[in-house]
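# Overview (structure and organization)
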There are 2 protein chains.
Amino acid sequence: MSNVVALKAKEQAASAMDRLLTLVKDDLAQTNQLIFERMQSHVPLIPELAGYLVNAGGKRLRPVLTLAAARLCGYDGARHMGLAACVEFIHTATLLHDDVVDESSMRRGEASANEVWGNQASVLVGDFLFSRSFELMVSDGSLEVLRILSAASATIAEGEVHQLSVISDLGVNEQDYLQVIAAKTAALFAAACEVGAVVAEQPAAHQAALRSYGMNLGIAFQLVDDALDYAAKQAELGKTIGDDFREGKVTLPLLLAYRRGDEQERAFWERVIARGEQSDGDLEQAMEIMQRHGTLEATLERAQHYVNMAKDDLALFPDCDLRQAMVDVADFCVQRGH
Amino acid sequence: MSNVVALKAKEQAASAMDRLLTLVKDDLAQTNQLIFERMQSHVPLIPELAGYLVNAGGKRLRPVLTLAAARLCGYDGARHMGLAACVEFIHTATLLHDDVVDESSMRRGEASANEVWGNQASVLVGDFLFSRSFELMVSDGSLEVLRILSAASATIAEGEVHQLSVISDLGVNEQDYLQVIAAKTAALFAAACEVGAVVAEQPAAHQAALRSYGMNLGIAFQLVDDALDYAAKQAELGKTIGDDFREGKVTLPLLLAYRRGDEQERAFWERVIARGEQSDGDLEQAMEIMQRHGTLEATLERAQHYVNMAKDDLALFPDCDLRQAMVDVADFCVQRGH
């Protein structure tokens, strides 16, 4: 692609997210209201800390998927908004605990909650939001919805522990890595979409299609995130890069570089990742090696494969603005990596 | 009481726990089997870490309460065992996160899980057990049970954040302190008992009675725990004391000592708790001041008050071995403090 064409594709993709947001605008406003109400507590630290994260300008991609999935299925009730709030609470709780586990000091360009309030408060407010998310599910009253979302929560935690167990293991293969990201990231995307179909009382094939859309989209999303952590362009934009590298986290761009590397390069990866001995210039060298082997491009190609499947998952549904926006949002997920 | 009489009362109370365990022996064996099965995962670190805690010789007091409450209500099905496992999972998840928050290195005389596997694994395996507990609730299928247990989880987390917010605040009064321990400890005792009545389909008054028994017992249990943390006799038995003191945690024995103290003593508490400036001999001095003002005895008296209410809560139920054992277990909770 020429630069001009690439830029145009990127603009179109970015506007896809805006279009999707516009299509569920009223539902999202009510969901945001619910999120605000349900994070209140007589303990002031809870809304203070939770609000810091919830208001930090995230795109609300996961709850928007619940809203969009329900509407795509022709649902015209109100249950999807409670469930969208529930999905956002699970996500926020996960972010709080992730930042403690990763010892992160930044999140979306601001100081992370654990940096401001400490690890203790982040762990406990995360627990509170998890519990609140279950209260929201219970108040929905559907055992099918409860089964889907509680299983997703357990899968997320299982994926996080799995990642922790193999974090700096250069022997991990692409299959293992996919299993980790399917659990820790994509399971919530899948559940978020599936419950939208469930409240709309869709047949099993339609529920499965939306679940699969979410799963494929979630995997693509995480693959692109993992590529962006090494993207020079991100660095030019002033965004933090190299977090995964510093944590010694073996993601696909690194895993492929290790596999494709020569003996000298493997010795480099073993020092900086397996033994965690890093010094100045190592991140730059890592990025050079990745560049040489084209592993960021390869990672984005893998992501495109999942996006293609996600788009086909939606073919069962009638052609409409909402379906088109959901297709375009899938493209947007990969485009932000280019 | 003479020493001989006191000793006899203590022996009787201790054997109450054994008697209660004997009365629910078969149910407990099946519950333990369920706990073992449901903590399995394809990620080996999960059963390894969870099993370390689950097998660490806790008395399973909370799940035993669920089993006993259901049987006291004449229940002869199997649902109470799944819910007992669920209650134990919530409790274990809480312990894992508590030890991270309190930076504890010991639990029940052994190295704590965070000491062995690190904070990261403890946070994430805690999340997994929380999620598993919700899956267990969902598989029970009763929305009433789900409502009770999910509300208890949120209340526990809220109580923990509340405690964190006021941890070293000497201005906290007894009412605030009771609110914290009712949430962080007694809410799970109450829910554990209540769900036993719910599966047995008891009338509202009986459900409320068992809920109240659990709440009162849980408050008494925590009061005694807080007293034991300063008990010289515990120190003689080689048990760790002074954990709350070192963490600057304002519990009832300390709160009363501050209230009853003179100016010099208050200056001491302000230095060691509010400012956290502790040195050798401070714990001994704290215990001396508490001894002088009789605050451990006062704390145990408060506990006895809740135990008395807990015993009266059971009066609605027919007189039987199980009811007697539940009454005696309430006494046991306070006796272990003498």
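Rules used in this analysis
- Residues numbered from 1 in each chain as written.
- Chains lettered and ligands numbered in written order.
- Predicted model: local features only at pLDDT ≥ 70, side-chain atom pairs only at ≥ 80, totals over all residues.
- Helix = DSSP H or I, 4+ residues; strand = E, 2+ residues; numbered from the N terminus.
- Rg over C-alpha atoms; globule rule 2.2 N^0.38 Å.
- Buried ≥ 20, exposed ≤ 12 C-beta atoms within 10 Å, placed from the backbone.
- Contact = placed C-beta atoms within 7 Å.
- Arc of directions from axis to C-beta.
- Core = buried A, V, L, I, M, F, W, Y, C linked by C-beta atoms within 7 Å.
- pLDDT = per-residue confidence, 0-100.
- Least-squares fit on C-alpha atoms with pLDDT ≥ 70 in both.
- Axes fitted to C-alpha atoms, helices over the stretch in contact; angles between N-to-C directions.
- Parallel < 35°, antiparallel > 145°, perpendicular 65-115°, else oblique.
- Left-handed = near helix turned anticlockwise from the far one by under 90°.
- Nonpolar A, V, L, I, M, F, W, Y, C, P; charged D, E, K, R; others polar.

## Some words on the overall build of chain A
- Counting its regular elements, chain A contains 16 helices and two strands.
- Here chain A has a C-alpha radius of gyration of 20 Å; the compact-globule value for 338 residues is 20 Å, and the two agree.
- Overall size of chain A, expressed as C-alpha extent along the three principal axes, is 60 × 50 × 30 Å.
- Expressed as a percentage of its 338 residues, the buried residues of chain A come to 54%.
- Looking at chain A alone, contacts between residues at least 24 apart form 76% of all its contacts between residues at least 6 apart.

## Here we look at helix α3 (residues 45-54) of chain B
- Every buried residue belonging to α3(B) is among Ile46(B), Leu49(B), Ala50(B), Leu53(B) and Val54(B), and all of these are buried. Along the axis of α3(B), the buried residues cluster in a sector spanning 135°; they form a single face.
- Those residues of α3(B) that are buried lie in contact with α7 (143-166) of chain A together with α2 (25-38), α5 (79-101), α6 (113-117) and α7 (119-140) of chain B.

## Concerning unusual backbone geometry
- The phi angle at Glu103(A) is positive, at roughly 55°, despite the residue not being glycine.
- Among the structural elements, Glu103(A) can be located in the loop between α5 (79-101) and β1 (106-107).

## Digging into the environment of Trp117(B)
All names here are of chain B.
- Residue placement: tryptophan 117 occurs in helix α6.
- Residue class for tryptophan 117 comes out partly exposed when judged on the 19 C-beta atoms lying within 10 Å of it.
- Between the C-alpha atoms of tryptophan 117 and glutamate 48, which are 69 residues apart in sequence, the distance is 10.0 Å.
- Sequence-distant contacts of tryptophan 117, defined by excluding residues within four places in its chain, comprise Leu49 and Ser122.

## Structural notes on the nonpolar core
- Of all hydrophobic cores here, the largest spans 242 residues; its most connected members are Ala220(A) and Ala220(B).
- Residues within four places of Ala220(A) in sequence aside, it is in contact with Ala303(A), Tyr306(A), Val307(A), Ala310(A), Ala330(A), Cys333(A) and Val334(A).

## Some words on the confidence of the model for chain A
- On average, chain A scores 93 in pLDDT, and the residues at 70 or more come to 95%.
- Reported confidences for the modelled complex are a pTM of 0.92 and an ipTM of 0.90.

## Focus: the relation of the copies chain A and chain B
- Screw-axis analysis of chain A against chain B gives a translation of 0.0 Å along the axis, an RMSD of 0.0 Å, and a rotation angle of 180°. Given the turn and translation reported, the copies of this chain are related as if by a two-fold rotation axis.
- A high fraction, 100%, of the interface residues of chain A reappear at the interface in chain B, so the copies pair face to face through one surface.

## Digging into helix α13 (residues 252-260) of chain B
Residues and elements named next belong to chain B.
- By the criterion of burial, α13 is predominantly enclosed, with seven of the nine residues buried.
- Looking at α13, one finds that the buried residues are Leu252, Pro253, Leu254, Leu255, Leu256, Ala257 and Tyr258.
- Residues of α13 that are buried make contact with α9 (174-199), α10 (204-228), α14 (263-274), α15 (282-293) and α16 (295-313).

## Brief notes about the packing of α5(A) against α7(B)
- α7(B) packs onto α5(A) with a crossing angle of 160° between their chain directions and a minimal axis gap of 9 Å. In terms of orientation, α5(A) and α7(B) fall into the roughly antiparallel class. In terms of crossing hand, the pair formed by α5(A) and α7(B) is left-handed. Counting all contacts with α5(A), which are made through His97(A), Val100(A) and Val101(A), the residues of α7(B) involved are Gln120(B), Val123(B), Leu124(B) and Asp127(B).
- Here the contact of α5(A) with α7(B) is built from residues that sort into four nonpolar, two polar and one charged.

## Observations regarding the packing of α9(B) against α10(B)
Residue and element names in this part refer to chain B.
- Two numbers describe how α9 lies on α10: the axes approach to 7 Å, and their chain directions differ by 145°. As α9 runs across α10, the sense of the crossing is right-handed.
- Each residue belonging to the contact of α9 with α10 can be placed in one class, and the counts come to 16 nonpolar, seven polar and two charged.

## Focus: the interface of chain A and chain B
- The interface is formed by 35 residues belonging to chain A together with 35 residues belonging to chain B.
- Listing elements by their share of the side of chain A that touches chain B, those giving two or more residues are α3 (45-54), α5, α6 (113-140) and α7 of chain A.

## Considerations on the environment of Val198(A)
Residue and element names in this part refer to chain A.
- Within the secondary structure, valine 198 sits in helix α8 (residues 174-199).
- Valine 198 sits 107 residues away from histidine 305 along the chain, and the two C-alpha atoms are 27 Å apart.
- Filtering out sequence-adjacent residues up to four positions away, valine 198 remains in contact with Ser142, Glu144, Val145, Ile148 and Gln207.

## Some thoughts on the environment of Asp102(A)
Residue and element names in this part refer to chain A.
- Structurally, aspartate 102 is set in the loop between α5 and β1.
- Note on aspartate 102: 19 C-beta atoms within 10 Å, which makes it partly exposed.
- Sequence separation between aspartate 102 and aspartate 243 is 141 residues; the distance between their C-alpha atoms is 9.2 Å.

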